[in-house]
Amino acid sequence: MLVLRRALFSELLAVIAYPLTLYLAFGVGLKGYISAVEGVPYPVFIAPGLISMTAVNAAFDESAWSMWFHRRVQRTIEEYRVTPITVYDIVIGKILCGFSHGIFKGVAVTAVIFVFTPFRFSLLHLAFYLFYIILGSMIFSCLGTICGSTIDKPENIGRVQAVVLVPLIFMSGIFFPLSSYPAALVPFIKLLPTTAAFDGARQALLHGIMEPVYAVNLVVSATVTFLLAVWIFDRKMAE
Amino acid sequence: MAAVVLDSVSKVYGSITAVDRFSLQVRQSTIFGLLGPNGAGKTTLIRILTTLTRPTSGRALVEGLDTQAEGRKVRELIGVVPQENNLDRYLTARENLVLHARMHGMKPEEYNRRIDELLELTGLSGRQHDFPDTFSGGMQRRLVVARALVHTPRVLFLDEPTTGLDPQSRRAVWDHIRSLSRDMTIFLTTHYMEEAEMLCDRIVIMDHGRSLVDGTASELKERLAHAHHYELEFRSGGDRYEEVLRALPFVKSLEKVGDTFRLTLTAEEDLKPLMDSIAGADLRKICLREPSLEDVFIELTGSKVRE
Ligand SMILES: Nc1ncnc2c1ncn2[C@@H]1O[C@H](COP(=O)(O)OP(=O)(O)OP(=O)(O)O)[C@@H](O)[C@H]1O
Ligand SMILES: [Mg+2]
């Protein structure tokens, strides 16, 4: 927490710069070519996904790297483990820390988009949207914790991100509507937790729609990844 | 009650037996020293006692509590200084101590005074708001020791506490450890014979996961009293005699340091034939050498370097 406060400013700048660049490049740059998607101006179409993506990426990064760093580099996990706190306290603490990073950075990007763009939404939609961001950040924080607990080489964490997470995120319809997929593929794509998080988030924020399939998918995924992260960390520490 | 009990503890890593049916009891309020060459299994034993590693078989107790079944209670009672410093480099020196205190459930009123005291004691007060990666190795080590003491543990485990320290810091740490031993049991490992001799009430030398000898420093040296260590110093032409000495059947070991030879004879009676064989040499000095703890160590664990 302390460390978070200290690094706040420089981190925020770095975190906000990326989605904002994407927003400008795709949203503004392509505006002339893509006028509206599903009846929504393109910049508005991608904004919710960009916010969600920032949040879940931040959650994953924080969890994975912090766990890896404390376990492999500083070995502070061992210092924690010789005090009365338990292995569960440690792993849940790390998950929550990644989670709050995600939420926090998501909020920061939202604020920036809100201030600098004509993008507006209602409070009810925002509440629905929050549900998706919270669960999405939770899932990615747990995934990050799992990677950070099991992967010893840092380059492999980067590989998991590049080979698994980035494709999952891009496949889930951040930049294009799911209707662009061949009809046969759509049901499968809809099953991805990332689709649930990003497409669901967009439905919620833009239209105030709470898609039950997405919601259930996210709740189940979050529960499963959480239990898995705790279990894997516990096993890893018992070695 | 014994502060530390190991009951036939083994730890196997694949094909390596790091600790092999090791048994030990350490009395309360004593300083116990565990010695052994690299890879002997010292760190593994400390990790088992501090609940970090599960023994493959056997039982380890700290203050009567099982390290596996009652790990949490054990951790409330112990302080640990690991072989490698594991400070949080994103927290200042003081924050490192505060975090430790909070993990032990201490309240600010309790820990702030204690931390001030410890920082004073370890000479780090002036640097308490700096980050540990700006510290020298010795300062980091002192900070790790201070951190292990924040919650006033009953048993303190120190894995090579003074490795990498200069003689002044080393002595400071020794004084500190000695002053603690009144109301704390101290379990330390070291490669420094001098350290073991100065500090420890009792010493165990181990190798290949097993205990080799057990006793006070003087008891251990006593065991070697039967060995006959001599020192010969030649005024000139020492090299010529190296061959001669090596060829003698009763010279068990021979070591050359400058112009001085250190040798071990099989028996006292060998002294006369030795003198005969080097008759006429320009001898500066010949003397009987008291065995040091290091001799005991080398004698027991061999002089070959481990991989
Ligand atoms: N996690 C592990 N996996 C496999 N083997 C291990 C592991 N930890 C220790 N060992 C092995 O156990 C043996 C004992 O190691 P240990 O670290 O206890 O030695 P040590 O006495 O502390 O040595 P040093 O003086 O070098 O610190 C070594 O052969 C080591 O290779
Ligand atoms: Mg060791």
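Being a predicted model, the structure only gives us computed values, none of them experimental. (Residues numbered from 1 in each chain as written. Chains lettered and ligands numbered in written order. Predicted model: local features only at pLDDT ≥ 70, side-chain atom pairs only at ≥ 80, totals over all residues. Heavy atoms only, no water.)

Description of the overall build of chain B
So, point 1. For chain B, the count of helices and strands is 11 helices and 14 strands.
So, point 2. Dimensions of chain B, computed from C-alpha atoms along their principal axes, come out at roughly 75 × 45 × 35 Å.
So, point 3. The proportion of buried residues among the 307 residues of chain B is 53%.
So, point 4. Within chain B, contacts between residues separated by at least 24 positions form 68% of all contacts whose residues are at least 6 apart in sequence.
So, point 5. Of the roughly 14700 Å² of accessible surface on chain B, a fraction of 48% belongs to carbon and sulfur atoms.
So, point 6. For chain B, the separation between the mean place of its 41 positive charges and that of its 46 negative charges on side chains is 4 Å. (Helix = DSSP H or I, 4+ residues; strand = E, 2+ residues; numbered from the N terminus. Buried < 20%, exposed > 50% of the residue type's maximum accessible area, 1.4 Å probe, protein only. Contact = heavy atoms within 4.5 Å. Areas by Shrake-Rupley, 256 points an atom, 1.4 Å probe, with all protein chains shown as cover. Lys, Arg positive; Asp, Glu negative; His and termini not counted. Charge placed at Lys NZ, Arg CZ, Asp CG, Glu CD.)

Description of the interface of chain A and chain B
Note on interface size: it is often stated as the accessible area lost on association of the parts.
So, point 1. Tallying the contact residues gives 20 residues for chain A and 24 residues for chain B.
So, point 2. For the pair chain A and chain B, the summed buried area comes to about 2100 Å², and 54% of that belongs to carbon and sulfur atoms.
So, point 3. At the surface where chain A touches chain B, the tally comes to 2 salt bridges.
So, point 4. Here Glu78 of chain A makes a salt bridge to Arg47 of chain B, at a shortest N to O gap of 2.8 Å. (Buried area = accessible area lost by both parts, 1.4 Å probe. Salt bridge = Lys/Arg side-chain N within 4 Å of Asp/Glu carboxyl O.)

A word on the site of ligand 1
Residue and element names in this part refer to chain B.
So, point 1. Close contacts around ligand 1 come from 14 residues, with Gly39, Lys42, Thr43, Thr44 and Gln83 the closest.
So, point 2. Here an oxygen atom of ligand 1 sits 2.9 Å away from a polar atom, N or O, in the side chain of Asn38.
So, point 3. In this structure, Gly41 approaches ligand 1 through a main-chain N or O atom, which is 2.9 Å from an oxygen atom.
So, point 4. Surface burial for ligand 1 is 64%, taken as the share of its 640 Å² of free accessible area covered by protein chains.
So, point 5. Every element with two or more residues in the shell around ligand 1 is listed here: strand E2 (16-27) and helix H1 (42-49). (Near = heavy atom within 4 Å. Polar contact = N/O pair within 3.5 Å; in protein donor to acceptor, adjacent residues only side chain to side chain.)

Considering the environment of Asp116 of chain B
All names here are of chain B.
So, point 1. Secondary-structure assignment places Asp116 in helix H4 (residues 108-121).
So, point 2. Along the backbone, Asp116 and Lys256 are 140 residues apart, and their C-alpha atoms lie at a distance of 51 Å.
So, point 3. Each residue touching Asp116, except ones within four places of it in the same chain, is listed here: Arg94 and Ser125.

Here's the deal with the pairing of strand E11 (residues 228-234) of chain B
All names here are of chain B.
So, point 1. For E11, the buried fraction is high: 7 of the 7 residues fall into the buried class.
So, point 2. Across the two faces of E11 the burial is the same, with His228, Tyr230, Leu232 and Phe234 and His229, Glu231 and Glu233 all buried.
So, point 3. Pairing geometry for E11 and strand E13 (residues 260-265), over 6 bridges, is antiparallel. The partner of Glu231 across the bridge, within E13, is Arg262. (Pairing = 2+ DSSP bridges.)

Looking at the coordination of the magnesium ion (ligand 2)
Ideal coordination angles are 109.5 degrees for a metal with four donors arranged tetrahedrally and 90 or 180 degrees for a metal with six donors arranged octahedrally.
Residue and element names in this part refer to chain B.
So, point 1. Coordination of the magnesium ion (ligand 2) by the protein involves Thr43 (OG1) and Gln83 (OE1), with metal-donor separations of 1.8 to 2.1 Å. You can see Thr43 sitting in helix H1 and its partner Gln83 sitting in the loop between strand E6 (78-81) and helix H3 (93-103), a full 40 residues away along the chain.
So, point 2. Given the relative accessible area of 26%, Thr43 is considered partly exposed. (Donors = N, O, S within 2.8 Å, 3.2 Å for Na, K, Ca; no water.)

Focus on the side chain of Asn96 of chain B
So, point 1. Counting through the fold element by element, Asn96 of chain B comes out in helix H3.
So, point 2. With near-sequence residues (within four places) excluded, Asn96 of chain B lies in contact with Leu87, Asp88, Leu91, Pro132 and Arg147 of chain B.

Focus on the nonpolar core
So, point 1. By size, the foremost hydrophobic cluster in this structure holds 62 residues, and its most contacted members are Ile77, Ile95, Phe140, Ile169, Phe198, Leu218 and Phe233 of chain A.
So, point 2. At 14 residues, the largest contribution of residues to this core is made by helix H2 (residues 42-73) of chain A.
So, point 3. Counting residues in each nonpolar core, the second largest holds 45 residues, with Leu143, Ala148, Ile203 and Ile205 of chain B among its members. (Core = buried A, V, L, I, M, F, W, Y, C linked by side-chain atoms within 4.5 Å.)

Here's the deal with the domain arrangement of chain B
So, point 1. As assigned here, chain B comprises domain 1 (2-219) and domain 2 (228-290).
So, point 2. Placing a centre on the C-alpha atoms of domain 1 of chain B and another on those of domain 2 of chain B gives a separation of 43 Å. (Domains from an automatic or database assignment.)

A look at the sheet that holds strand E3 (residues 31-35) of chain B
All names here are of chain B.
So, point 1. Overall, mixed pairing links the 6 strands, which are arranged E6-E7-E8-E3-E9-E10 in an open sheet. In this open sheet, the two strands that pair with only one neighbour each are E6 and strand E10 (210-215). Ignoring which end each strand starts from, the neighbouring axes of this sheet average 15° apart.
So, point 2. Alignment of E6 against strand E7 (residues 155-159), held across 4 bridges, turns out to be parallel. The residue of E7 that forms the bridge with Gly79 is Leu156. (Axes fitted to C-alpha atoms, helices over the stretch in contact; angles between N-to-C directions.)

Side note on the packing of aromatic side chains
For any two aromatic rings, the description comes down to two numbers: the centre-to-centre distance and the angle of the planes.
So, point 1. Applying the stated criterion across every chain, the model contains 8 aromatic pairs over all chains.
So, point 2. Aromatic pair Phe157 of chain B and Phe187 of chain B: ring centres 5.4 Å apart, planes at 45°, arrangement tilted. Separated by 30 residues along the polypeptide, Phe157 of chain B in strand E7 and Phe187 of chain B in strand E8 (residues 185-190) bring together distant segments of the chain. Each member of the pair, Phe157 of chain B as well as Phe187 of chain B, carries the same accessibility label: buried.
So, point 3. Through a chain of ring-to-ring contacts, three or more aromatic side chains come together here, namely Phe32, Phe157 and Phe187 of chain B.
So, point 4. The cationic tip of Arg202 of chain A hangs over the ring face of Phe45 of chain A; the distance from NZ or CZ to the ring centre is 3.7 Å.
So, point 5. Here the basic side chain of Arg170 of chain B rests over the ring of Tyr192 of chain B, its NZ or CZ set 3.9 Å away from the ring centre. (Phe/Tyr/Trp six-rings, centres within 6.5 Å; stacked < 30°, edge-to-face > 60°. Lys NZ or Arg CZ within 6 Å of the ring centre and 35° of its normal.)

Quick look at a nonpolar patch on the surface
So, point 1. Where nonpolar side chains cluster on the molecular surface, the patch consists of Val216, Val220, Val224, Leu228 and Trp231 of chain A and spans about 460 Å² of accessible area.
So, point 2. For Val216 of chain A, the position within the fold is in helix H9 (residues 212-238). (Patch = residues over 30% accessible without salt bridge, like charges linked within 9 Å, V, L, I, M, F, W, Y side chains within 5 Å.)

Overview of the packing of H2 of chain A against helix H6 (residues 154-171) of chain A
All names here are of chain A.
So, point 1. Two elements in contact, H2 and H6, have axes whose closest approach is 12 Å; the angle formed by their N-to-C orientations is 160°. As the angle between them shows, H2 and H6 are arranged roughly antiparallel. Handedness of the H2/H6 crossing: right-handed. Across the interface between the two elements, Met53, Val56, Asn57, Phe60, Asp61, Ala64, Trp65 and Trp68 of H2 pack against Pro154, Ile157, Gly158, Gln161, Leu165 and Ile169 of H6. (Parallel < 35°, antiparallel > 145°, perpendicular 65-115°, else oblique. Left-handed = near helix turned anticlockwise from the far one by under 90°.)

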